[in-house]
Amino acid sequence: MNDIVKPFTVIAVSCFLAFIGKAQTVPVYQDMSAPVEDRVEDALSRMTLEEKVALLHADRSYGAAGVPRLGIPENDLTDGPSGMRPEMVWQTWAHAGMSSDSCTAYPALVCLAATWNPDLGYLFGRSYGREAVYRSKNMILGPGVNIFRTPMNGRNFEYMGEDPYLTSEMAVSYIKGVQSDHVAACVKHFAVNNQETGRTTINTVVDERTLHEIYFPAFKTAVQEGGVWAIMGAYNKFDGQHCCHNRYLLKDVLKGQWGFDGVVVSDFGGTHDTKEAVENGLDLEMGTDLGSVEAFRRYKLADPYLEMLRSGEASMEELDDKVRRVLRMLFRTKMSGRQPWGLLASETNMAESRRIAEEGIVLLKNDADILPLNLSDMSRILVVGENACRIMSRSGGSSEVKSKYEIVPLEGIRTRVKDSVDVIWQPGYMSDATPEKVDSLRKEAIMAAHDADVVIYVGGLNKEPGQDCEGVDRQSFNLPYMQDELISGLAATGKELVLVMISGNSYAMPWINDVHALVQAWYGGSEAGSAIAAVLFGDVNPSGKLPFSFHKSIGDCGANALGAYPGDGKKVEYSEGIFVGYRWLEKKGIEPRFAFGHGLSYTDFKYGKVRIDHKRISADDSLTVSVSVTNSGNLPGAEVVQLYIGDKVSSLPRPVKELKGFRKVFLAPGQTAEVSFVLHKDAFSFYDPGVHRWVAEPGGFSVMIGSSSSDIRGRADFVLE
Ligand code: GLC
């Protein structure tokens, strides 16, 4: 009997519990197995007018209300693109001085771009996203994707270079990485925010074709391929209207043409008009006014909006669209129930940060292969330069990171060489020194060089206002603090001289013919010094490529040459049009100091013949381009194979070449990889403002394969019918 009763009892009890369980079903918006859109509609239907409006504006410096009555959590945002900013006192921009918010400093995005490796973009985003989850943030305010229009822009270090295709590919990989942790990325700053001078008031004037070919692609790709969940409006005006509530940008293009279903966040303090904010597509207003609880009621999308709704001056449909977008982001993030366990400044995060820093380092020059340095050849290394010891991750504006630590270059070098070699340091220059002091520092460094076997100079820019810093543009294209004289003085000693430059922008190089090796190391984050040492001593074979052109002089840059930067304080007109970066240089036949896509290796790569599968194709066909690449040296290394398209005849002026594909291949000595690209008509098209769309014009084209934009290793011609 017992044998029968037992199973029966179990079944009966299970059914009863199941029935009770069903009877107590959770509301749809809390049901994590329900489709997001169903959860959005259910939550929306339960919210009061006041609760809806409260969702749309900040209630503290980096956050906005949820719906406490329904258990819908708050939105917690964090700067910046390369790691979390310190927690702030709730209604100020003052650091809270907490002991629990130290984190990993990842490399600046210009360094990520220099890796030309979308796998690292994904790794970067996923790694950073896990730290955000640990600190309960559901939106990170990055990536920044504004195009380098001039090397004078103080914020270029936060962005990904001068080419829309490279920026698009790297941004998409970063966004997918962040959002794989169910944290929202917030691509910024939309749009044409390419200088800091007058950034909150200047009216930017750009023609339609230039918008679509240069300044829109990274945002459009972020939306349509990256599926980005948030976008940040820029401070400046476009065509006379503030970007944070610009009808053309936000309603017509972003939400209309591109189908963006996420949240439009204002830059902090970038909202200036209630009616425009309501009607032109702003969804989440941040940073307008701080200081007290009442201050948050004064936000345009707070009480003023509530009054417009109550008086019937604003529609409920419009309100519900904004609320849906913010709810959707909450259900995609905190309420998804699918966030991973967070990590904070773990060995894993630090190792991932270091890997990106190592792969982003660009070897610009290496005469007589003096790099990598061989420790058995030397007994004393002199390191010169303030940047050898300067912490960079904790300043520069809103992208500042409360890094748990930052290994500076001198520490990285000392740790790497251990006690096998003497490593001495001379400042050579100090950013706060008087000219007299700089003179004596320079003389001391040059004297010390005579007793060293090799000199490693670590200089460049820093994150001070006027250098690589938000809010202010650079005042000079030259290196600051009399570095040029110092470098020339060190070169004159005749000692082997290796330059390691820390910066996010290019700079004049009057000494370039006097130095043996030049390494562009960017801002490498927590493991910057380790990454630099690994490259200098050959543990890592450098594989970075320049994401923007290094001009010989500032007059070689289109915007500057035309006097089209920084504008007259009221308006800036992009009169160079689509000819930005290498597009300008090649149009004018100007040699760069170092070309877009340039970067050397400790090994060599040989390219085979470029092959295409058709000599003639129709606009609806695809074209497959193949090339073999061989590591012909004796060290493992990585090469970035770059594909450029040139349109031989076109009804509108086109650049000599445009980047339309790239692939990073890792090869052992002697190994060959077969690389192929499948191109469609979008790769051959240009934007025709006459018909307001992209057109692929019939005619002859060249497909070029290169190791940089100026080092073309092969080409093939075809005809588009
Ligand atoms: C800043 C920046 C933006 C940042 C925001 C919050 O002024 O322009 O990139 O995310 O405000 O600090």
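Please refer to the structure placed before this passage.
Residues take numbers from 1 onward in each chain, read along the sequence in its written order. Only residues with pLDDT of at least 70 are given local features in this predicted model, and only at 80 or more are side-chain atom pairs given and counted; all residues enter the totals for whole chains, interfaces and linings. Side-chain metrics rest on all non-hydrogen atoms present in the structure, leaving aside hydrogens and water.

What follows is about the side chain of Gln467. Here Gln467 lies in the loop between β14 (454-460) and α17 (483-492). Leave out the neighbours within four places in its chain, and Gln467 touches Gly154, Leu461, Asn462, Arg474, Pro480 and Tyr481. The numbering of helices and of strands both runs from the N terminus, where a helix is a DSSP run of H or I of at least 4 residues and a strand a run of E of at least 2. Contacts are assigned to residue pairs that have any heavy atoms within 4.5 Å of one another.

Any residue with a heavy atom positioned within 4 Å of a molecule or strand is treated as near that molecule or strand. In the vicinity of the ligand, 14 residues are found, and the nearest of them are Asp79, Lys188, His189, Tyr235 and Asp267. Each polar contact in these results corresponds to two N or O atoms within 3.5 Å; when the atoms are within protein, one needs to be able to donate a hydrogen and the other to accept it, and residues that are neighboring in sequence are counted only if both atoms are side-chain atoms. Measuring from an oxygen atom of the ligand, one finds a side-chain N or O atom of Tyr62 at 3.0 Å. Alone, the ligand offers 310 Å² of accessible surface; in the complex the protein occludes 95% of this. For this scheme, ten residues count as nonpolar: Ala, Val, Leu, Ile, Met, Phe, Trp, Tyr, Cys and Pro. Four count as charged, namely Asp, Glu, Lys and Arg, and the remainder, Gly too, count as polar. A class-by-class count of the residues in the shell around the ligand yields five nonpolar, two polar and seven charged. All accessible areas in this document rest on Shrake-Rupley with a 1.4 Å probe, and a residue is counted as covered only by the protein chains that are shown.

Take the sheet that holds strand β12 (residues 380-384) next. Think of a sheet as strands paired side by side through backbone hydrogen bonds, with each pair either parallel or antiparallel. A pair of strands is labelled paired if DSSP reports no fewer than 2 bridges between them. Strands sit in the order β11-β16-β15-β14-β12-β13 across an open sheet of six strands; the sheet is mixed. The open sheet has two edge strands, β11 (362-366) and β13 (422-426), and neither has a second partner. On average, adjacent strands in this sheet sit at an angle of 20 degrees to one another, irrespective of strand direction. In terms of strand pairing, β11 meets strand β16 (residues 517-520) through four bridges, oriented antiparallel. Bridge pairing in β16 links Leu363 to Val519. Lines fitted to C-alpha atoms define the axes, with helix axes restricted to the stretch in contact, and inter-axis angles between N-to-C directions lie between 0 and 180 degrees. Against the sheet, helix α16 (residues 435-449) engages β12, β13 and β14, with an angle of about 165 degrees to β12. Those strands touched by α17 are β12, β14 and β15 (496-502), and its axis lies near 170 degrees from that of β14.

One pair of aromatic rings is described through two measures. These are the centre distance and the angle between the planes. Pairing of aromatic rings covers Phe, Tyr and Trp, the last through its six-membered ring, and needs centres within 6.5 Å; plane angles under 30 degrees mean stacked, over 60 mean edge-to-face, and all others mean tilted. One pass over the structure, following the stated rule, counts 30 aromatic pairs. Ring centres of Trp90 and Phe296 lie 5.8 Å apart, and the angle between their planes is 35 degrees; this geometry places the pair in the tilted category. Here Trp90 is found in the loop between β3 (75-78) and α4 (109-115), whereas its partner Phe296 is found in helix α11 (residues 293-297), with 206 residues between them in sequence. Consider the rings of Phe701 and Phe718, whose centres lie 5.6 Å apart with planes at 15 degrees: the pair is stacked. Of this pair, Phe701 sits in strand β27 (residues 699-708) while Phe718 sits in strand β28 (residues 711-720), and the two are 17 residues apart along the sequence. Phe718 shares its class with Phe701; the two are buried. Chaining the aromatic ring pairs together yields one cluster made of Trp116, Tyr165, Tyr582, Phe596, Tyr644 and Phe662. Either the NZ atom of lysine or the CZ atom of arginine qualifies as a charge over a ring when it sits within 6 Å of the ring centre and within 35 degrees of the ring normal. Positioned over the ring face of Tyr523 is Lys463, at 4.6 Å from the centre of the ring. Taking the ring centre of Tyr644 as reference, the NZ or CZ of Lys657 above it sits at 6.0 Å. Only protein chains enter the area calculation, which uses a 1.4 Å probe; residues under 20% of their type maximum are buried, those over 50% are exposed, and those in between are partly exposed.

Here we come to the pairing of strand β22 (residues 637-647). Burial analysis of β22 places 11 of its 11 residues in the buried class, the great majority of the element. Residue alternation in β22 divides its side chains into two sets, Gly637, Glu639, Val641, Leu643, Ile645 and Asp647 and Ala638, Val640, Gln642, Tyr644 and Gly646, and both sets are buried. Summarising the sheet, β22 and strand β23 (residues 658-667) pair through nine bridges and their orientation is antiparallel. What sits directly across from Gln642, in β23, is Phe662. Looking at chain direction, β22 and β27 are connected through six bridges and run antiparallel. Bridged to Leu643 within β27 is Ile705.

Glancing now at the pattern of salt bridges. Between Lys or Arg on one side and Asp or Glu on the other, a salt bridge is scored when a side-chain nitrogen of the former is within 4 Å of a carboxyl oxygen of the latter. One pass over the full model with this rule turns up 49 salt bridges. Salt bridges sharing partners connect three or more residues here, namely Asp59, Arg60, Glu74, Asp76 and Lys334.

Attention now goes to the packing of helix α14 (residues 347-360) against helix α18 (residues 528-536). It is the contact of α14 with α18, at a shortest axis distance of 8 Å, that shows an interaxial angle of 45 degrees. Between α14 and α18, the angle is such that the two are oblique. In this structure, α14 crosses over α18, and the sense of that crossing is right-handed. Across the interface between the two elements, Arg354, Ala357 and Glu358 from α14 touch Ser530, Ala531, Ala534 and Val535 from α18. When describing relative orientation, an angle under 35 degrees is termed roughly parallel and one over 145 degrees roughly antiparallel, while 65 to 115 degrees is termed roughly perpendicular and anything else oblique. Handedness of a helix crossing follows the sense of rotation of the near helix relative to the far helix, less than a right angle counterclockwise being left-handed and clockwise being right-handed.

Here we come to the nonpolar core. Counting 120 residues, the largest nonpolar core has Phe190 and Leu327 as its most contacted members. Nonpolar cores are built from buried Ala, Val, Leu, Ile, Met, Phe, Trp, Tyr and Cys residues. Side-chain atoms within 4.5 Å join them into one set. One finds Phe148, Leu497, Met501 and Ala521 within the second-largest nonpolar core, a separate group that totals 76 residues.

So, about the sheet that holds β22. The five strands lie next to each other as β20-β28-β27-β22-β23, forming an open sheet whose pairing is mixed. The strands lining the two open edges of the sheet, one partner per strand, are β20 (616-617) and β23.

Along the chain, Lys188 connects to His189 via a cis peptide bond; the corresponding omega equals -5 degrees. You can see His189 is positioned in strand β5 (residues 184-190). Looking along the chain, the bond that leaves Leu371 and enters Pro372 is cis, with omega of -5 degrees. Along the chain, Pro372 turns up in the loop between β11 and β12. Positioned with a positive phi, Trp116 is a non-glycine residue whose angle comes to about 50 degrees. By the element assignment, Trp116 lies in the loop between α4 and α5 (118-134). For Asp239, which is not a glycine, the phi torsion comes out positive at approximately 55 degrees.

Examined against the element boundaries, Gln179 turns out to sit in helix α6 (residues 164-179). Residue classification places Gln179 among the buried residues on the basis of a relative accessible area of 9%. Looking at Gln179, its side chain comes within polar contact range of the main-chain nitrogen of Ala185, at 3.2 Å. At 2.9 Å, the side chain of Gln179 forms a polar contact with the backbone nitrogen of Trp229. Ignoring sequence-local partners within four residues, the contact set of Gln179 consists of Ala184, Ala185, Gly226, Gly227, Val228 and Trp229.

Our focus in this paragraph is α18. Spacing of three or four residues puts side chains on the same side of an α-helix, whose turn is 3.6 residues. Across the nine residues of α18, nine count as buried, placing the element largely inside the fold. Two residues or fewer after α18 comes Gly538, characterised by a positive phi angle close to 85 degrees.

An expected span of 1.5 Å times one less than the residue number is assigned to each helix. In this model, helix α13 (residues 316-332) (17 residues) spans 24 Å end to end at C-alpha, consistent with the 24 Å of a helix rising 1.5 Å per residue. Counting buried positions along α13 yields 12 of 17 residues, so the element is predominantly enclosed. Residues Leu319, Asp320, Lys322, Val323, Arg325, Val326, Leu327, Arg328, Met329, Leu330, Phe331 and Arg332 constitute the buried set of α13.

Position of Asn505 among the secondary structure elements: in the loop between β15 and β16. Between the alpha carbons of Asn505 and Phe148 there is a distance of 9.1 Å; along the sequence they are 357 residues apart. Contact partners of Asn505, with chain neighbours within four places excluded, come to Phe148, Pro151, Asn153, Asn156, Leu461, Asp468, Arg474 and Phe548. Separated by 3.2 Å, the side chain of Asn505 and the backbone oxygen of Pro151 make a polar contact.

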